Amino acid sequence: MAEIIVVTSGKGGVGKTTTSAAIGSGLAIRGHKTVVIDFDVGLRNLDLIMGCERRVVYDFVNVLNKEAKLNQALIKDKRNENLFILPASQTRDKDALTQDGVKNILDELSKTFDYIICDSPAGIEKGAQMALYFADQAIVVTNPEVSSVRDSDRILGILQSKSLRAEQGDEPVKEHLLLTRYNPGRVADGEMLSVKDVEEILVIPLLGVIPESEAVLKASNQGEPVIFDEGADAGYAYKDAVSRLLGEVIEFRFIEQEKKGFLKRLLGAR
Amino acid sequence: MSIFDYFLSKKPKSASLAKERLQVIVAHERGARKAPKYLPKMQQEIIEVIKKYIAIDDSQVSVKLDNNNNHSILELNVSLSKK
């Protein structure tokens, strides 16, 4: 049985796809057979972030409508043999997703994979609800900014009432907070919500803090998940998050402001 | 106010303002989420009954349902304006 993890946020542009790609890759690097599914039907982007956009032949909706076999639609990652991608359809809309259809695909993937990462679309409509419905765990991606925090709380409410686990009265979906685009310098200046602030408001366990980093844009430019970038702060932060997801206890990094050296201060470098 | 206070007192930073605003709105929205579906309709009907006897408008009535561990409290507040 695979563990189904939804990456969700409510708000758009906070880093869901970046996170899905990084966490999926991280789990694969750690030896777990992992598939990342793009649930953003109509606005496919996971393929671009993971650098396999030119290898898409069949998609999620093709499999759902039995126009293609699951194995035909799955794209094997070129960097890691444990990693697979199931792209979203670019030509259909979210109504193409049905609960039974999604369930069948997840059941079949469950037979061979250890982890299924569901990359949710933004919003709280059908696509997002479908992405989280079957989840065992949820990674709630949040920016330290008012609208993102509020939307995260909203999505937590949906996880707690509209997921399969909630409807059946099973053990609730395990929730994780992933704070992204974090800028310790601005936090120190009192101009950005701190990790503690967001934790106090949302009251869910912290999985990771990803610093605002140039490496993230560079990674998406290249179509290579940031976790593969050796030496990138955001990459390390994602690796730590993956370790915590696997149950390890690891100290948080990149949440304190880096001390500027004398020379740097003199030269006014940031 | 001592001279130290003068130098130490700063304008509240925007992050603390953000936190305060979020705490208020999130608590409010969580409350609304947990409320049973019949609450808005019941509130409306209660207001109609009161209106038969006293001239009030909707904003003078608030209905709140608080859940504790083993019991719930339905709180009804009607503020009557002085003539």
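For the structure itself, look to the data block above.
Scope of this entry: the structure provided in the associated data block.

Scoring rules and cut-offs
- Residues numbered from 1 in each chain as written.
- Chains lettered and ligands numbered in written order.
- Predicted model: local features only at pLDDT ≥ 70, side-chain atom pairs only at ≥ 80, totals over all residues.
- Heavy atoms only, no water.
- Contact = heavy atoms within 4.5 Å.
- Buried area = accessible area lost by both parts, 1.4 Å probe.
- Salt bridge = Lys/Arg side-chain N within 4 Å of Asp/Glu carboxyl O.
- Polar contact = N/O pair within 3.5 Å; in protein donor to acceptor, adjacent residues only side chain to side chain.
- Nonpolar A, V, L, I, M, F, W, Y, C, P; charged D, E, K, R; others polar.
- Pairing = 2+ DSSP bridges.
- Helix = DSSP H or I, 4+ residues; strand = E, 2+ residues; numbered from the N terminus.
- Axes fitted to C-alpha atoms, helices over the stretch in contact; angles between N-to-C directions.
- Buried < 20%, exposed > 50% of the residue type's maximum accessible area, 1.4 Å probe, protein only.

Details of the interface of chain B and chain A
And then number 1: Each partner contributes residues to the interface: chain B has 12 residues there, and chain A has 16 residues.
And then number 2: On the chain B side of the contact with chain A, B:Lys19, B:Leu22 and B:Arg33 bury the most area, a combined 39% of that side's loss.
And then number 3: Across the chain B-chain A interface, the total number found is five salt bridges.
And then number 4: The closest approach of N and O atoms between B:Lys19 and A:Asp197, which form a salt bridge, is 3.3 Å.
And then number 5: The interface formed by chain B and chain A holds eight residue pairs in polar contact (both at pLDDT 80 or more) in total.
And then number 6: Class assignment of the residues belonging to the side of chain B that touches chain A gives a composition of five nonpolar, two polar and five charged.

Observations regarding the sheet that holds strand E7 (residues 174–182) of chain A
All names here are of chain A.
And then number 1: The mixed open sheet is built from eight strands, whose spatial order is E3-E4-E2-E5-E1-E6-E7-E8. At either end of the open sheet lies a strand with only one pairing partner, and these are strand E3 (75–76) and strand E8 (206–211).
And then number 2: The pairing of strand E2 (residues 34–38) with strand E5 (residues 115–119) spans five bridges and is parallel. From the neighbouring strand, Val 35 faces E5, where its bridge partner is Ile 116.
And then number 3: Across the sheet, helix H1 (residues 16–29) is in contact with strand E1 (3–8), E2, strand E4 (83–86), E5, strand E6 (137–142) and E7; its angle to E5 comes to roughly 170 degrees.
And then number 4: Here helix H10 (residues 195–202) sits on the sheet and contacts E6, E7 and E8; the angle it forms with E7, its principal contact strand, is near 150 degrees.

Some remarks on unusual backbone geometry
For residues other than glycine, phi is negative in most cases, and the peptide bonds are mostly trans.
Residue and element names in this part refer to chain A.
And then number 1: At Lys 66, a residue that is not glycine, the phi angle is positive and equals roughly 60 degrees.
And then number 2: Along the polypeptide, Lys 66 turns up in the loop between helix H3 (60–64) and helix H4 (70–73).
And then number 3: Unusually for a residue other than glycine, Arg 181 sits at a positive phi of about 55 degrees.
And then number 4: Mapped onto the fold, Arg 181 is located in strand E7.
And then number 5: In this structure Arg 181 comes out as partly exposed when scored by relative accessible area, which is 43%.

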